[in-house]
Amino acid sequence: MLRDEITDATAAAFAGSTVIPDRYVWPDETAGRGSTVVGDEESLKLIPVLDMASLLDGSPEEIAKLGAACRDWGFFQLRNHGVDETVVERVKDSTREFFRLPLEKKKAVGIVKAEDGFQGFGHHFNTSTGKLDWAESLLLGTQPMGHRNMDLWPTELPTFRDGVEKYSLEMTKLKSLLMASMAIDLGIKPETLLDTVQGKIQNIVFHHYPPCRHNADKVIGIPPHTDGLFLTIVLEVDATPGLQVSNGGRWFPVRPLPGSLTVFVGDILEVLTNGRYKSVEHRVLVDAERDRTTIATFQDACVAGMVKPLPELAEVARYISIEKHDYVHRQFQALTERANIVDSLKI
Ligand SMILES: O=C(O)CCC(=O)C(=O)O
Ligand SMILES: [Fe+2]
């Protein structure tokens, strides 16, 4: 079982029991507690923040900043993102409403196995440690149409479906605009990069990390991981901190920046760019007092059915070429074993 259901006992623990069930208590090592956490002030000074309006203007300084963020961090915060504010507010409202539903209503759209993994409401991936994340999530395939399982799109809430549909289209647009700027930085034709995502899958995952009043330092929202697809764009529904990114062996707390989005380089983007861009390890800690709710949009990509460096960027290929199908298989394996898939592809 790669994903667990949210049970009544889980819901009771999330709701504030003083005793944390053992499956939610993570060893320090797998939770990444062994590494230094950088202070808020230093983190704020160093974490890259980009301006979408300047990228769209073609500002060479901003494009250089984007390149540096993708190379040195594999991550950035994005302000002036240009996504329709009404669409953002509506998808945030729908997400809050969904997680407020009684458990049995959420379980009506519970996890089901899909051709390429899982969709629906439940826990994150369950790894070989057997431990569970302190979070409930709803994973929906959103693009292309054939990837959707409409049985899992809640009908309980009148605006949910329309809100997610519109947000999904906005994310498709924004991803393409970001890729056009990345292509300039990489010195390749925009179409070369855009072709890799054409018709590929987009998933949207809604996460809710309940507060953990008594033992927030024993549980984990999401353990250290890199994102397995091409690019991830995260919208924070509230201003609760918790996200940390790894750089130089230290954890940098990412302060929520109202009105911004957070962008992660995924493993496939690292491979496609032949290692110029780096996928970033990150984790989510749980707050003792406040809920954290986020909406993560994942974009998939491949090069003519393969995960491999783009020929334009591979004078000397630093990663093996692998069929997309085999990549997905390896990725499940890596997730289960908590191994790093990108390392296993390096030549
Ligand atoms: O909720 C967040 O801030 C990050 C989510 C995330 O890392 C993921 O879904 O892979
Ligand atoms: Fe992630």
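- The name an unreviewed UniProt entry assigns to the protein chain is Fe2OG dioxygenase domain-containing protein, from the organism Triticum aestivum.

Some remarks on the sheet that holds strand 3 (residues 112–114)
Then step 1. Ordered by their spatial adjacency, 9 strands build an open sheet running 1-2-11-8-13-6-5-4-3, and the pairing between neighbours is mixed. Two strands lie at the open edges of the sheet, namely strand 1 (49–51) and strand 3, each paired on one side alone. If you compare each strand with its neighbour and ignore which way they point, the axes differ by 30° on average.
Then step 2. Relative to strand 2 (residues 75–79), strand 1 runs parallel, the two being bridged by 3 bridges. Residue pairing across strands places Asp51 opposite Arg79, the latter belonging to strand 2.
Then step 3. Where helix 4 (residues 60–72) meets the sheet, it contacts strand 1, strand 2 and strand 11 (261–265), and its direction lies at approximately 145° from that of strand 1.

Concerning the pattern of salt bridges
Then step 1. Counted by the stated rule, this structure contains 21 salt bridges.
Then step 2. Here Asp4 ties to Arg23 by a salt bridge, and the two come within 3.1 Å at their closest N and O atoms. With Asp4 in the segment before helix 1 (8–14) and Arg23 in the loop between helix 1 and helix 2 (40–46), this residue pair connects regions lying 19 residues apart in the sequence.
Then step 3. We classify Asp4 as buried; its relative accessible area is 14%.
Then step 4. Residue Glu315 pairs with Arg276 through a salt bridge whose shortest N-O separation is 3.2 Å. Of this pair, Glu315 sits in the loop between strand 14 (306–307) and strand 15 (322–323) while Arg276 sits in the loop between helix 9 (267–272) and strand 12 (282–284); the two residues are 39 residues apart in sequence, bridging distant segments of the chain.

Structural notes on the site of ligand 1
Then step 1. As a matter of local geometry, ligand 1 sits amid His207, Tyr209, Ile222, His225, Asp227, His282, Val284, Arg292, Thr294 and Phe298.
Then step 2. His225 is positioned such that a nitrogen or oxygen atom in its side chain is 3.1 Å from an oxygen atom of ligand 1.
Then step 3. Here an oxygen atom of ligand 1 and a side-chain polar atom of Asp227 are 3.1 Å apart.
Then step 4. Calculation on ligand 1 without its partners gives an accessible area of 290 Å², and the protein chains cover 95% of this total.
Then step 5. Elements with a contribution of two residues or more to the shell around ligand 1: strand 6 (202–209), strand 7 (222–225), strand 12 and strand 13 (292–299).
Then step 6. The residue makeup of the shell around ligand 1, split by class, is 4 nonpolar, 4 polar and 2 charged.

Overview of the nonpolar core
Then step 1. Leu178, Phe206 and Phe230 are the most contacted members of the largest nonpolar core, which has 76 residues in total.
Then step 2. Contacts of Phe206, omitting those with residues within four sequence positions, involve Val91, Thr95, Phe99, Glu136, Ser137, Leu138, Leu140, Phe160, Val164, Thr294 and Ile295.
Then step 3. Listed in part, the 20 residues of the second largest apolar core include Trp73, Val245, Phe264 and Val280.

What to know about the sheet that holds strand 7
Then step 1. Here we have 4 strands laid out as an open sheet, ordered 7-12-9-10, and antiparallel in their pairing. Two strands close off the open sheet at either side, each with one partner strand: strand 7 and strand 10 (250–253). If you compare each strand with its neighbour and ignore which way they point, the axes differ by 20° on average.
Then step 2. Pairing of strand 7 with strand 12, which is carried by 2 bridges, proceeds in the antiparallel orientation. If you follow Ile222 over to strand 12, its bridge partner there is Val284.

Examining the UniProt feature "domain: Fe2OG dioxygenase" (unreviewed entry) in the protein chain
Then step 1. When the UniProt feature table is mapped onto this chain numbering, "domain: Fe2OG dioxygenase" (unreviewed entry) sits at residues 200–301.
Then step 2. Across residues 200–301, helical content stands at 6% and strand content at 42%; the span's end C-alpha atoms are separated by 6 Å.

Describing the pairing of strand 8 (residues 231–236)
On a regular strand, one side chain projects to one face of the sheet and the next to the other, so that they alternate.
Then step 1. Of all the 6 residues making up strand 8, 6 are buried; the element is thus mostly covered by neighbouring parts of the structure.
Then step 2. Where burial is concerned, the two faces of strand 8 agree: the one with Leu231, Ile233 and Leu235 and the one with Thr232, Val234 and Glu236 are both buried.
Then step 3. Alignment of strand 8 against strand 11, held across 4 bridges, turns out to be antiparallel. Residue pairing across strands places Ile233 opposite Val263, the latter belonging to strand 11.
Then step 4. As judged from the 6 bridges shared by strand 8 and strand 13, these two strands associate in the antiparallel manner. By the bridge assignment, Val234 is partnered in strand 13 with Ala296.

What counts and how
Residues numbered from 1 in each chain as written. Chains lettered and ligands numbered in written order. Predicted model: local features only at pLDDT ≥ 70, side-chain atom pairs only at ≥ 80, totals over all residues. Heavy atoms only, no water. Pairing = 2+ DSSP bridges. Helix = DSSP H or I, 4+ residues; strand = E, 2+ residues; numbered from the N terminus. Axes fitted to C-alpha atoms, helices over the stretch in contact; angles between N-to-C directions. Contact = heavy atoms within 4.5 Å. Salt bridge = Lys/Arg side-chain N within 4 Å of Asp/Glu carboxyl O. Buried < 20%, exposed > 50% of the residue type's maximum accessible area, 1.4 Å probe, protein only. Near = heavy atom within 4 Å. Polar contact = N/O pair within 3.5 Å; in protein donor to acceptor, adjacent residues only side chain to side chain. Areas by Shrake-Rupley, 256 points an atom, 1.4 Å probe, with all protein chains shown as cover. Nonpolar A, V, L, I, M, F, W, Y, C, P; charged D, E, K, R; others polar. Core = buried A, V, L, I, M, F, W, Y, C linked by side-chain atoms within 4.5 Å. UniProt positions renumbered as here; feature names shortened; annotations may be inferred.

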